[in-house]
Structure formats: C-alpha cells, structure tokens
Amino acid sequence: MDENQSQTEENKPIFRRLYERVFPTVADFFGILAEQSANAAETTRLLVEFMETGDTAISQKVRDDEHEADRIKAVNLSVLSDAFSTPVDREDLFRAITTLDDIVNYCKSTVVEMDMLGLQPDKHSLEMALHIREGADALAKGFGRLATDPAGAGVDANAARKAERTVEKSYRRAITALFQGDDYLNMFKRRETYRHLSNAADRVSDAARALNNIVVKLV
C-alpha cells in the first residue's frame, strides 16, 4: 500500500462519521418491536406450560426469560434514545418497548410467588394463562407485520385487547370461586397470583394500545 492509499484508509472513519452525522441511519424500530414481542410471546408460552405441569424447571425458564427481556428492553431504549429520527412518535415506541417488557415481568412474578407460597397451578390460573398467551401471540403477529401490513396489525391489536377482556372475566370467576369456604390462608395466597395474571393481561392491553396508536399514524 503506497502513502496515498494509507492516508485514504486512515481518513475513512472520519468521513464515515461525518456522513452519518449528515445522513444518520434510521434504526429498524419495527424489526426491534417484532423481535421483542416474539420474545414476550415465548414467555407466555412457558407460563402456560408451567400452569399445565407445575414443573419448577419451567418456572425457572420463565425467570431466565425475564432477565433476557430486561436486557432487550435496555438495548431497545438505548437505541431509541440515540436515534436521530424515528418512523413514528417516540412516545409510542417507548410505550411499546416498556409494556412488552412488563408482560414478561408479571409472568415472572406469578411463577415466583407460586413457588414461594407452595402453590400448584389450578384450572383458573391455567385458563388465564391461556388467554394471556393468546393476547401475546396476537401482539407478536401484529408487531411482526407492522412494517408491511399496518392495517392487519390493527386487527391483531384488537385481538390482543379482546384476549385481555377475556382474562378479566376469568379473573372474576376465579375470585368468586376462591372466596367460598373458610380456607382464608389459601384465599389470600391464590388471590395474589391471580392478580399477577390479571396485571399481565392489563399489560397485554397496554401494548395493544401502543400498537394501535402506531397503526393509526401509518395507515
């Protein structure tokens, strides 16, 4: 390599930095959300598997997923913070990133407290988990096609919110059945885990609302 070539190679990083300042690359936020929502859906699948089996090895996988979800959230928020421009409002992207993470957090809270309190899954916790998974799957589908089919993603957002409403009906049935008899210790233990499941469903609805807000600004 001659002297001129060497100088050109040394200058490349400087020119690249200058170019990126003038023409910054827009991060693939739709791809980011698609990946994060798919991870959240996988956690809800594990939640259902735990409610079907009571296997503590599965509950540990849910805990591990929560740690990974925290890492993904931190990375995504960093990308959002550093982005020069975004395809839609930053607030909507922020809300989507944080609420998708919250779904995983409440899945973890559920299995952790069930382990700590020595509770085995029952039909009500399984029923709620199944509908939470249904909502998370709809979110993953919606965020997954947001870039190419925003109108279809809006349909998925509505399906996720419908799943949340179904969870709330299941929650009320569970509480009604729980507060029968006089086993008060079991009542209070179960109520806490049912609440975590209800909260997970609420976050599914919040993420669906964020998805729908993005859709409205794209179509």
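1. Considerations on the overall build of the protein chain
Of the regular secondary structure elements, the protein chain holds seven helices and zero strands. The order of helices and strands in the protein chain, counted from the N terminus, is α-α-α-α-α-α-α. By residue count, 42% of the 219 residues in the protein chain fall in the buried class. For the protein chain, the proportion of contacts with a sequence separation of at least 24, taken over those separated by at least 6, is 80%. In the structure as shown, the protein chain presents an accessible area of about 11,500 Å², 51% of it carried by carbon and sulfur atoms.

2. What to know about the environment of Arg 71
Relative to the helices and strands, Arg 71 is located in helix α3 (residues 56–82). We classify Arg 71 as partly exposed; its relative accessible area is 45%. Residues Arg 71 and Asp 101 lie 30 residues apart in sequence; the distance between their C-alpha atoms is 9.8 Å.

3. Description of the packing of helix α2 (residues 29–53) against α3
For the pair α2 and α3, the least separation of the axes is 10 Å and the interaxial angle reads 165°. Relative to α3, the element α2 lies roughly antiparallel. In the packing of α2 onto α3, the handedness of the crossing is left-handed. Two secondary-structure elements touch here, α2 through Phe 29, Ile 32, Gln 36, Asn 39, Glu 42, Thr 43, Leu 46, Leu 47, Glu 49, Phe 50 and Thr 53 and α3 through Ile 58, Ser 59, Lys 61, Val 62, Asp 65, Ile 72, Lys 73, Asn 76, Val 79 and Leu 80. When grouped by side-chain class, the residues that make up the contact of α2 with α3 number ten nonpolar, six polar and five charged.

4. A look at α3
For α3, with 27 residues, the first-to-last C-alpha span of 40 Å sits near the 39 Å given by 1.5 Å per residue. Burial in α3 covers these residues: Ile 58, Ser 59, Val 62, Glu 66, Ala 69, Ile 72, Asn 76 and Leu 80. If you follow the buried residues of α3, they end up packed against α2 and α4 (90–117). Put simply, Asp 55 is the residue that caps the front of α3, since its side-chain oxygen is 2.9 Å from the backbone nitrogen of Ala 57.

5. Looking at the nonpolar core
Most often, soluble globular proteins keep nonpolar side chains buried together rather than apart. Formed by 50 residues in total, the largest nonpolar core has its most connected members in Leu 33, Leu 139, Phe 143, Leu 146 and Leu 211. Those elements that place two or more of their residues in this core are α2, α3, α4, α5 (123–144), α6 (150–178) and α7 (184–218). With twelve residues, α7 is the largest single contributor of residues to this core.

6. Describing the side chain of Ser 170
Take Ser 170: it is sitting in helix α6. At a separation of 2.9 Å, a polar atom in the side chain of Ser 170 contacts the side chain of Glu 127.

7. Here's the deal with the environment of Lys 61
The topology assignment puts Lys 61 in helix α3. Judged by relative accessible area, which is 44%, Lys 61 ranks as partly exposed. Each C-alpha atom, one on Lys 61 and one on Leu 47, is 9.2 Å from the other, the two residues being 14 residues apart in sequence.

Scoring rules and cut-offs
Residues numbered from 1 in each chain as written. Predicted model: local features only at pLDDT ≥ 70, side-chain atom pairs only at ≥ 80, totals over all residues. Heavy atoms only, no water. Helix = DSSP H or I, 4+ residues; strand = E, 2+ residues; numbered from the N terminus. Buried < 20%, exposed > 50% of the residue type's maximum accessible area, 1.4 Å probe, protein only. Contact = heavy atoms within 4.5 Å. Areas by Shrake-Rupley, 256 points an atom, 1.4 Å probe, with all protein chains shown as cover. Axes fitted to C-alpha atoms, helices over the stretch in contact; angles between N-to-C directions. Parallel < 35°, antiparallel > 145°, perpendicular 65-115°, else oblique. Left-handed = near helix turned anticlockwise from the far one by under 90°. Nonpolar A, V, L, I, M, F, W, Y, C, P; charged D, E, K, R; others polar. Expected span 1.5 Å × (residues − 1). Polar contact = N/O pair within 3.5 Å; in protein donor to acceptor, adjacent residues only side chain to side chain. Core = buried A, V, L, I, M, F, W, Y, C linked by side-chain atoms within 4.5 Å.

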